[in-house]
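# A look at the structure
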Amino acid sequence: MGATVGASSEASPTTVTGADGSYALGNVPVGINSIVASAENYLSSSAVVDVAAVASNTANFTLVTGYKITATVTDGTDPIEGAVVRLGSVDVDGVEPSTVATAADGHVVFESLPPGEYIVSIGARAEQVAIDDADETVTLVAPAGHTISGTVIDGTVEPVGGAYVRLLDGGGEFTAEVPTSATGHFRFFAAPGQWTLR
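Overview of the structure. Per chain, the residues get numbers from 1 upward, laid out in the order the sequence is written. Local features in this predicted model are restricted to residues whose pLDDT is 70 or higher, and side-chain atom pairs enter the listing and the counts only when it is 80 or higher, whereas totals over whole chains, interfaces and linings include all residues. The basis for every side-chain value is the complete set of non-hydrogen atoms in the structure, without hydrogens or water.

In this description a helix means any DSSP run of H or I spanning at least four residues, a strand means any run of E spanning at least two, and both kinds are numbered starting from the N terminus. A count of helical and extended segments in the protein gives zero helices and 16 strands. Here the protein has a C-alpha radius of gyration of 23 Å; the compact-globule value for 198 residues is 16 Å, and the former is much larger. Note on areas: Shrake-Rupley, 1.4 Å probe, and residue coverage restricted to the protein chains presented here. In the structure as shown, the protein presents an accessible area of about 11,400 Å², 48% of it carried by carbon and sulfur atoms. A gap of 10 Å separates the mean positions of the 6 positive and 23 negative side-chain charges of the protein. Radius of gyration means the value over C-alpha atoms here, while the globule rule gives 2.2 Å times the residue count to the 0.38 power. Neither His nor the chain ends is counted toward charge; the positive residues are Lys and Arg and the negative residues Asp and Glu. Charge placement uses NZ in Lys and CZ in Arg. For Asp and Glu, CG and CD serve respectively.

Here it is in structure tokens:
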């Protein structure tokens, strides 16, 4: 599937690149325009073009898949499953804060990130991570006392394994989701505050 290319003006059409990556975008307003190329699983790229009347203009783009930050959460020794890790940007436009719960190996991966400065945190524990031109890793030791845990049971009071438990923040927004263990147990590590389980 090709990349979509369009001008910043709402009145301007968009087009899709061919198999060789080339494109032709017509009816672009005369004057300064921001031309944007985007594709699924790639970071968008833009170029400012001064479009002249009755003239052809060229704008070439290189789309990259972005970079990853892999965070590992431990208790100081062993990996922790279900730790709620938050990613925030310091100086990167267009990157919204996000939260993901760690897997059984204590890992969580934030993908498709542009270069810049980020804050990776769990509860009050935070680390600043800089992406230049490569993927980055960070290890966080979970602060003690920030645990939300429980057990899911059925009508016969038997534990339910593989049930998904959601954690919502104080505003009711989805934060993270973890499956219960074979014994029906689940655990989240979260910052102090009001949380809802569903």
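Any two of the Phe, Tyr and Trp rings considered here, Trp counted by its six-membered ring, make a pair once their centres fall within 6.5 Å; the pair's planes then place it as stacked at under 30 degrees, edge-to-face at over 60, or tilted in between. The tally for this structure, following the rule as stated, stands at one aromatic pair. Note on tyrosine 23 and phenylalanine 61: the rings are 6.4 Å apart at their centroids and 40° apart in plane angle, and the pair reads as tilted. On the criterion of sequence distance, the pair formed by tyrosine 23 in the loop between β2 (14–16) and β3 (31–38) and phenylalanine 61 in the loop between β4 (45–51) and β5 (67–74) is long-range, its members being 38 residues apart. Between buried and exposed lies partly exposed: a residue is buried under 20% and exposed over 50% of the maximum accessible area for its type, with that area taken using a 1.4 Å probe on protein chains only. Of the residues examined, tyrosine 23 reaches a relative accessible area of 27% and is grouped as partly exposed.

The next thing to look at is the sheet that holds strand β16 (residues 196–197). In space, the three strands of this open sheet follow the order β14-β13-β16, with antiparallel pairing throughout. Either end of the sheet is taken by a strand with one partner, and the two such strands are β14 (174–179) and β16. A pair of strands is considered paired only if DSSP assigns at least 2 bridges between the two.

Here threonine 74 is to be found in strand β5. Two N or O atoms form a polar contact when they lie within 3.5 Å of each other; inside protein one atom must be a possible hydrogen donor and the other a possible acceptor, and for residues adjacent in sequence the pair counts only when both atoms belong to side chains. For threonine 74, the side chain forms a polar contact with the main-chain nitrogen of glycine 76, separated by 3.1 Å. In what follows, a contact means two residues having at least one pair of non-hydrogen atoms within 4.5 Å. Dropping the residues within four chain positions of it, threonine 74 is found in contact with Pro79, Ile80, Thr139, Leu140, Val141 and Ala142.

Moving on, we get to the environment of isoleucine 148. Structurally, isoleucine 148 can be placed in strand β12 (residues 147–151). Note: C-alpha distance between isoleucine 148 and leucine 197 (49 residues apart in sequence) is 9.2 Å. Aside from chain neighbours lying at most four places away, what touches isoleucine 148 is Leu167, Phe186, Arg187, Phe188, Ala190, Trp195 and Leu197.

Bridging between strand β1 (residues 4–7) and β2 involves three bridges; their strand directions are antiparallel. The residue of β2 that forms the bridge with threonine 4 is valine 16. In this structure, β1 lies alongside β3, joined through four bridges in antiparallel fashion. When the bridges of β3 are listed, alanine 7 appears paired with isoleucine 35.

A positive phi angle is found at asparagine 27, which is not glycine, with a value near 60°. Residue position: asparagine 27 is located in the loop between β2 and β3. Asparagine 27 gets classed as exposed once you look at its relative accessible area, which sits at 73%. A positive phi angle, close to 55°, is found at serine 112, a residue other than glycine. Inspection of the secondary structure puts serine 112 in strand β8 (residues 107–113). Overall, the relative accessible area of 36% leaves serine 112 in the partly exposed class.

Let us look at the environment of alanine 37. Here alanine 37 lies in strand β3. Residues alanine 37 and alanine 7, 30 residues apart in the sequence, show an inter-C-alpha distance of 9.0 Å. Setting aside residues up to four positions removed in sequence, alanine 37 forms contacts with Thr4, Val5, Ser44, Ser45, Phe61 and Leu63.

The next point concerns the sheet that holds β2. Pairing is antiparallel in the open sheet, where four strands are placed in the order β2-β1-β3-β4. Looking at the sheet topology across the chains shown, the edges are occupied by β2 and β4. The average angle at which neighbouring strand axes cross in this sheet is 20°, direction not considered. Fitting a line to C-alpha atoms yields each axis, with helices limited to the stretch in contact; the angle taken between N-to-C directions then spans 0 to 180 degrees.

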